[in-house]
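Chains, contacts and geometry: an overview
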Amino acid sequence: MATMPHLQSDYDDNPGRWRTIVSVGKRFAATDVHGPVAERIVAEDLRPVLDVGCGDGRLRARLPSDWPWVGADRSPAMLARAPRPAVMADARSLPFPDESFAAVALLWMLYHLPDPQTAIAEGKRVLRPGGLLIACTNSRHDSPELKHVHDVGPVSFDAEVAPEMVGRHFNEVEVDRWDGPYVHLPDQEAVRDYLVGRFMASEEAEAAAARVETPLDVTKRGVVVYARRLD
Ligand SMILES: C[S@@+](CC[C@H](N)C(=O)[O-])C[C@H]1O[C@@H](n2cnc3c(N)ncnc32)[C@H](O)[C@@H]1O
């Protein structure tokens, strides 16, 4: 398989982009994976949880407040805003013993790695037998209504490769896909912010948004992969 580019992890250099993503999600998106993922963790009573690339704790916020959770992230800016406990760590080399967690979440982060396989293997190492690894990402065919102004294209971990990549490490893999008009952008300012969240520079996004008719319903496509460690 050809190596696809990874998305730049810009959380320390450009913290405004992350704030824009979160704000766009809250204002204009009808779905969010963190809720369903947290529900699944609770339904299966998976504790403790390791949240790799935890960011500012969107998964933590959806779990019951006393749920045993540990965050790990390699960005000082994100860690400063993360709930506690959280440690500075790279997903490819986790400072935890083998088989120490019942769930390992890798949400919206494996596309930042040139080698997602290494982080998936490392997630499996720290997972107990019977535990669940959970990863999610967009499709390379996400947001087709904006393809004429911006096309992210294939990346190192997108919905087209995620199930197979995770499946190289796990025998039992369950795939939950979404495909629907889950983002409603009411005006060009909203389009601009949406494009900034998708790695477009502000000025370019402003110019691109001017070429988009609004209001616009954007088709969101992606996948959550649930993988069980059996042995
Ligand atoms: C898009 S954010 C997602 C945050 C969180 N998982 C969520 O769903 O809200 C990606 C996060 O992954 C972190 N990250 C990127 N590469 C990483 C790596 N190699 N090891 C650990 N964290 C990483 C970034 O610092 C950032 O906080």
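Structure first, text after, so check above.
All values reported here derive from a predicted model rather than from experimental measurement. (Residues numbered from 1 in each chain as written. Predicted model: local features only at pLDDT ≥ 70, side-chain atom pairs only at ≥ 80, totals over all residues. Heavy atoms only, no water.)

**Description of the site of the ligand**
Taken together, the neighbourhood of the ligand is formed by 21 residues, with H34, G53, R58, D73 and L107 sitting nearest. H34 is positioned with one of its side-chain polar atoms (N or O) 2.7 Å from an oxygen atom of the ligand. In the environment of the ligand, a nitrogen atom lies 3.3 Å from a nitrogen or oxygen atom belonging to the side chain of D90. Expressed as a share of its isolated accessible area of 600 Å², the protein-covered part of the ligand is 99%. Its atoms largely coinciding with the cavity grid, the ligand occupies the second largest pocket. (Near = heavy atom within 4 Å. Polar contact = N/O pair within 3.5 Å; in protein donor to acceptor, adjacent residues only side chain to side chain. Areas by Shrake-Rupley, 256 points an atom, 1.4 Å probe, with all protein chains shown as cover. 1 Å grid on protein atoms, 1.4 Å probe; cavity = no way out; pocket = protein on both sides within 12 Å on 5 of 7 lines; lining within 4 Å. Sits in = over half its atoms within 2 Å of the grid points.)

**Some thoughts on the pattern of salt bridges**
This model, assessed by the stated rule, comprises 23 salt bridges. Here D45 makes a salt bridge to R47, at a shortest N to O gap of 2.7 Å. The partly exposed category is assigned to D45, whose relative accessible area is 43%. R47 sits in the partly exposed class, given a relative accessible area of 40%. Each of the salt bridges in this network shares a partner with another, and the network as a whole consists of R40, E44, E172, E174 and R228. (Salt bridge = Lys/Arg side-chain N within 4 Å of Asp/Glu carboxyl O. Buried < 20%, exposed > 50% of the residue type's maximum accessible area, 1.4 Å probe, protein only.)

**What to know about unusual backbone geometry**
Of note, the bond from R84 into P85 is cis; its omega dihedral lies within 30 degrees of zero at 0 degrees. Along the chain, P85 falls in the loop between α4 (76-81) and β3 (86-88). Here T214 and P215 are connected by a cis peptide whose omega angle stands at 0 degrees. When you line up the elements, P215 lands in the loop between α8 (202-209) and β7 (216-228). A positive phi angle, near 55 degrees, is found at E99, a position not held by glycine. For E99, the location among the structural elements is in the loop between β3 and β4 (101-107). Residue class for E99 comes out partly exposed when judged on its relative accessible area of 38%. (Helix = DSSP H or I, 4+ residues; strand = E, 2+ residues; numbered from the N terminus.)

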